[in-house]
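# Observations on the three-dimensional arrangement
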Amino acid sequence: MGNHTSNYKGCQIFKALLKRRKITQSKPQNPIPVPTSLHLLNTPPPPKTSYASVTNSKNIPLLNIHAIDNPLTKFLSELSSLITPLITLLSAVLNKQIVP
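Residues numbered from 1 in each chain as written. Predicted model: local features only at pLDDT ≥ 70, side-chain atom pairs only at ≥ 80, totals over all residues. Heavy atoms only, no water.

## Things to note about the overall build of the protein chain
- Broken down by element type, the protein chain carries 4 helices and 0 strands.
- Overall, the protein chain shows an N-to-C arrangement of helices and strands of α-α-α-α.
- Counting all 100 residues of the protein chain, 1% fall into the buried class.
- By element, 66% of the accessible surface of the protein chain is carried by carbon and sulfur atoms, the whole surface being about 10200 Å². (Helix = DSSP H or I, 4+ residues; strand = E, 2+ residues; numbered from the N terminus. Buried < 20%, exposed > 50% of the residue type's maximum accessible area, 1.4 Å probe, protein only. Areas by Shrake-Rupley, 256 points an atom, 1.4 Å probe, with all protein chains shown as cover.)

## Section: the confidence of the model for the protein chain
- Chain-level pLDDT for the protein chain is 75 on average; 61% of the residues reach the 70-or-more range.
- Ranking the elements of the protein chain by mean pLDDT puts helix H2 (residues 38-41) last with 58 and helix H4 (residues 65-98) first with 86. (pLDDT = per-residue confidence, 0-100.)

## A look at a nonpolar patch on the surface
- Among the surface-exposed residues, Leu-72, Phe-75, Leu-76, Leu-79, Leu-82, Ile-83 and Ile-87 lie close enough to one another that they form a single nonpolar patch of about 650 Å² accessible area.
- Mapped onto the fold, Leu-79 is located in helix H4. (Patch = residues over 30% accessible without salt bridge, like charges linked within 9 Å, V, L, I, M, F, W, Y side chains within 5 Å. Salt bridge = Lys/Arg side-chain N within 4 Å of Asp/Glu carboxyl O.)

Structure below.
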């Protein structure tokens, strides 16, 4: 890579990278579309809420535990039905190796 200076400002590679960066930044980018609908422009801002009101435990929605519990229970049941025969088979193989 050649000789390097003690800081990056004198480094020729750094200068070349900066030139490339400036070239790519100077290319025109796609402009962000601005909404032209009057409905979008005239909407009032959302009401300001304080940190205390947001963190208030009364505002936390309750989760529907049964909606989560049913698929989880089904998954655990199916997993158990798959693992139980595998453990039994593994135990039988290990017992045959231990006892000649």
